[in-house]
Amino acid sequence: MDISFLGGPRPQRGVGVVAPFDFALDRELWRWVPDDVSLHLTRTPFVPVEVSLDLARLVSEHETLGEAVRALNAVAPEVVAYACTSGSFVGGIPGERAMCEAMTRAGAVPSLTTSGALLAALAELGAQRIALVTPYTVSVTQSLEEYLAEAGIQVTGRAFMGLTRHIWKVPYRDVVDMAREAVRGAADALFISCTNLPTYDVIPQLEAELRIPVISANQVTVWAALRQLGTRAVGPYQRLIDQSARQRPVLPEEQEGWA
């Protein structure tokens, strides 16, 4: 059979992703990516430390990031994203900027982090008061609030789980319960932190129920990386990436399987 008419695989643009060693949601990242973009993932080396501020510092050391980016250089990504919220906010805004600079030096391509992407997403949505959901301990959650405060973002309500491991196993129903608890007062948006916390399918439903934009760590990371390429993330009824959803949030009864 002659298959020459197929013309070969479609050309791809590459996004390099550096993730912590325990990152388990590769597939969730891919769900925001259009067909003409490929994600090239690498992980930081394993360290026997539970999720904490200490771990956040270890997985975001400049030498560690540099080695990861140099490994990605072999596939020539056009942009590199560090997919870890705590690792990119633990040093505050100056620390996040220094991480981007270290990755850019190692890869000679534009670089970004989840926490930097968060601030860009909040600016895109015009959100200055946010509700916050995290799976973290008190100390890690407080560090995120301090990072947001540096950027002039006020946290109006919060909910956290106190987890130190296996965050990727948290079911959607627990994420929804935390979101409802966090949105106590006036908020311009809800942020669900941690790239290891599943969020893709709950975003449109929560936006419909809470009537505010809902953004998550993985969502903003992919959104910012693709924006750097001059293209858009994909995903139905998510206000950050779908202009029609900003104009008219879908009601809960219009969502399949929402109960």
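**Regarding the sheet that holds strand β2 (residues 37-43)**
Note on sheets: strands pair through backbone hydrogen bonds, and any given pair is parallel or antiparallel. The parallel open sheet is built from four strands, whose spatial order is β2-β1-β3-β4. This sheet does not close on itself; its edge strands, each paired only once, are β2 and β4 (111-113). Strand-to-strand twist across the sheet, computed as the mean angle between neighbouring axes with direction ignored, equals 25 degrees. As judged from the four bridges shared by strand β1 (residues 13-19) and strand β3 (residues 79-82), these two strands associate in the parallel manner. The partner of V15 across the bridge, within β3, is V79. Along the sheet, helix α5 (residues 92-107) contacts β3 and β4; its crossing angle with β4, the most-contacted strand, is approximately 145 degrees.

**Quick look at the pattern of salt bridges**
Scanning the entire structure with this criterion turns up eleven salt bridges. A salt bridge links D201 to R31; its shortest N-O distance comes to 2.9 Å. Of the two residues, D201 sits in the loop between β7 (189-192) and α9 (203-210) while R31 sits in the loop between α1 (26-30) and β2, which places them 170 residues apart along the sequence. Take R31: its relative accessible area is 32%, and that puts it in the partly exposed class. Of the charged contacts in the structure, one is a salt bridge between R184 and E181, with a shortest N-O distance of 3.4 Å. Judged by its relative accessible area of 44%, E181 falls in the partly exposed class.

**Details of the pairing of strand β6 (residues 154-160)**
Where strand β5 (residues 129-134) meets β6, six bridges bridge the pair, whose relative direction is parallel. When the bridges of β6 are listed, L132 appears paired with R158.

**Focus: the packing of helix α6 (residues 114-125) against helix α10 (residues 217-228)**
Put simply, α6 and α10 touch, their axes get as near as 8 Å, and they point 80 degrees apart. In this view, α6 runs roughly perpendicular relative to α10, as classed from their interaxial angle. Within the contact between the two elements, α6 uses T114, A117, L118, A120, A121 and E124 and α10 uses A217, V220, T221, W223, A224 and R227.

**Considerations on unusual backbone geometry**
Unlike most non-glycine residues, A108 shows phi in positive territory, near 55 degrees. With respect to the helices and strands, A108 occurs in the loop between α5 and β4. Looking at A108, the relative accessible area reads 69%, which means it is exposed. Not every positive phi belongs to a glycine, and H166 is a case in point at roughly 55 degrees. Note on H166: relative accessible area 40%, which makes it partly exposed.

Cut-offs applied
Residues numbered from 1 in each chain as written. Predicted model: local features only at pLDDT ≥ 70, side-chain atom pairs only at ≥ 80, totals over all residues. Heavy atoms only, no water. Pairing = 2+ DSSP bridges. Helix = DSSP H or I, 4+ residues; strand = E, 2+ residues; numbered from the N terminus. Axes fitted to C-alpha atoms, helices over the stretch in contact; angles between N-to-C directions. Contact = heavy atoms within 4.5 Å. Salt bridge = Lys/Arg side-chain N within 4 Å of Asp/Glu carboxyl O. Buried < 20%, exposed > 50% of the residue type's maximum accessible area, 1.4 Å probe, protein only. Parallel < 35°, antiparallel > 145°, perpendicular 65-115°, else oblique.

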